[in-house]
Amino acid sequence: MSKLHEGKVALITGGSSGLGLATAIEMAREGAKVVIVGRREGALEEAKKKIQEEVAGAEVMTIPADVSSEEGVKKFVKATVDAYGRIDYFFNNAGIEGVQKPIVEYPIDVFKDVININLMGVVYGLKYVLEVMEKQGSGSIVNSSSVGGIRGVVNQSAYVASKHAVAGLTKNMAAEYGKKGIRVNAIAPGAILTPMVEEAFKMLAPDDPEGAMKEWAQTNPSGRLGVPQDVANVVSFLFSEKAG
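Let us now look at the pairing of strand β3 (residues 60–64). Summarising the sheet, strand β2 (residues 33–38) and β3 pair through five bridges and their orientation is parallel. Note that in β3 the partner of Ile36 across the bridge is Thr62.

So, in structure tokens, the structure goes:
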């Protein structure tokens, strides 16, 4: 029985942890060649090891790069095409939260960092990956927005602004490239148990982050927070022709 993504090439930013790593494992499990991008080479190598432990024989390539650098994005897109000749799937996922402060106290340099990574990183990824996919006449892209791309989240102005922008940008790309055989979607996860979200709860409730997590989980109908595999399953589906 053939696997869902047999022989396809999946490029994933923010691939060394959290949603990116879970998606890389799921894509490898379904037969894809996986390219993971992140800022820290050591973390990427650890992620590669984890993927290959989870999926025997997984083909994994690591590329250290900063998505907020246009040249860095050009580099990892070119490296992927040089290695495999194509990019079938792109999980445009790398992001940071910033800090939790009201706008009058929000450090402008941190605000700019959030925008540069969460928004401009997505823009650069779209610009250079879509160029490759347009030549192929096919491809599927999933951008990481957030529940913060749908509604306000108190004291997270930079994050919310960046994720709303990603949601709007996705709508535009879907309209512009759908007729060219390229699908562009976004996901909007709520609180998923990743290192970034765990840090967010530590900032939100430094005296009792575990208690804050449990309280937050009760707002979900399931009574639990999401886990990275929940998101990986959705991304894998959106990449596939089943989401055509």
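There's plenty left to go through after this.
Further remarks concern the packing of aromatic side chains. The final tally for this structure, using the stated rule, is two aromatic pairs. Relative to Phe239, the ring of Tyr89 has its centre 4.8 Å away and its plane inclined at 15°; by these criteria the two rings are stacked. Of this pair, Tyr89 sits in strand β4 (residues 89–92) while Phe239 sits in helix α8 (residues 228–239); the two residues are 150 residues apart in sequence, bridging distant segments of the chain. Looking at Tyr89, the relative accessible area reads 6%, which means it is buried. Taking relative accessible area as the criterion, Phe239 reaches 1% and is therefore assigned buried. Measuring from centroid to centroid gives 5.5 Å for Tyr106 and Phe111, while their planes differ by 80°, and the two rings are edge-to-face. Exposure remark for Tyr106: the relative accessible area of 5% places this residue in the buried category. Positioned above the aromatic ring of Tyr128 is the side chain of Lys127, whose terminal nitrogen or guanidinium carbon lies 5.6 Å from the ring centre.

Helix length check: helix α4 (residues 108–136), at 29 residues, gives a terminal C-alpha distance of 40 Å against a target of 42 Å (1.5 Å per residue), a fit within 8%. Taking the largest bend as the criterion, α4 deviates by roughly 35°, centred on Met120. The first or second residue beyond α4 is Gly137, which carries a positive phi of 80°.

All told, the structure shown has eight salt bridges when counted by the stated rule. Of the charged contacts in the structure, one is a salt bridge between Arg29 and Glu54, with a shortest N-O distance of 3.7 Å. With Arg29 in helix α1 (residues 18–29) and Glu54 in helix α2 (residues 41–54), this pair connects stretches of sequence that are 25 residues apart. Of the charged contacts, one joins Arg224 and Asp230 as a salt bridge, the two residues approaching to 3.0 Å between their closest N and O atoms.

Judged by nonpolar contacts, the single largest core of 27 residues is most densely connected at Leu11, Phe76, Val77, Val129 and Ile141. Considering every element that reaches this core, the biggest residue donor is α4, with nine residues. When neighbours within four sequence positions are excluded, Val129 is seen to be in contact with Leu11, Val77, Ile87, Phe90 and Ile141.

In this section: the environment of Ser69. Counting through the fold element by element, Ser69 comes out in the loop between β3 and α3 (70–84). In sequence terms Ser69 and Ile117 are 48 residues apart; their C-alpha atoms lie 8.6 Å from each other.

Within this model, the largest pocket holds a volume of roughly 1100 Å³. As for the largest pocket, its lining consists of 44 residues, of which Gly95, Ile96, Glu97, Thr194 and Met196 are closest to the centre. Looking at the lining of the largest pocket, the elements that each hand over two or more residues are α1, β2, α5 (157–177) and α6 (195–204). If you tally residues by element for the lining of the largest pocket, the top one is α6, at six residues.

This next bit is on the pairing of β2. Of all six residues that make up β2, five are buried, and the element is covered over most of its length. Of the pairings in the sheet, the one linking strand β1 (residues 9–13) to β2 comprises five bridges and is parallel in character. Paired with Val9 across the strands is Lys33, a residue of β2. Taken together, β1, α1 and β2 form a β-α-β motif whose crossover is right-handed. For the crossover that starts at β2, traverses α2 and ends in the parallel β3, the hand is right-handed.

The next thing to look at is α1. Between the first and last C-alpha of α1 there are 17 Å, a value that for twelve residues agrees with the 16 Å anticipated at 1.5 Å per step. Most of α1 is tucked away, with eleven of its twelve residues classed as buried. Among the residues of α1, those classed as buried are Gly18, Leu19, Gly20, Leu21, Ala22, Thr23, Ala24, Ile25, Glu26, Met27 and Ala28. Looking at the buried side of α1, the elements it contacts are β1, β2, α2, β4, α6 and α8. Where α1 terminates, the next one or two residues include Gly31, which has phi positive at roughly 95°.

Here is what the cut-offs are and how they apply
- Residues numbered from 1 in each chain as written.
- Predicted model: local features only at pLDDT ≥ 70, side-chain atom pairs only at ≥ 80, totals over all residues.
- Heavy atoms only, no water.
- Pairing = 2+ DSSP bridges.
- Helix = DSSP H or I, 4+ residues; strand = E, 2+ residues; numbered from the N terminus.
- Phe/Tyr/Trp six-rings, centres within 6.5 Å; stacked < 30°, edge-to-face > 60°.
- Buried < 20%, exposed > 50% of the residue type's maximum accessible area, 1.4 Å probe, protein only.
- Lys NZ or Arg CZ within 6 Å of the ring centre and 35° of its normal.
- Expected span 1.5 Å × (residues − 1).
- Bend = angle between axes of the 7 residues up to and from the residue.
- Salt bridge = Lys/Arg side-chain N within 4 Å of Asp/Glu carboxyl O.
- Core = buried A, V, L, I, M, F, W, Y, C linked by side-chain atoms within 4.5 Å.
- Contact = heavy atoms within 4.5 Å.
- 1 Å grid on protein atoms, 1.4 Å probe; cavity = no way out; pocket = protein on both sides within 12 Å on 5 of 7 lines; lining within 4 Å.
- Points joined across faces, edges and corners; volume = space filled by probe spheres on them.
- Right-handed = clockwise from strand over helix to strand, strands pointing away.

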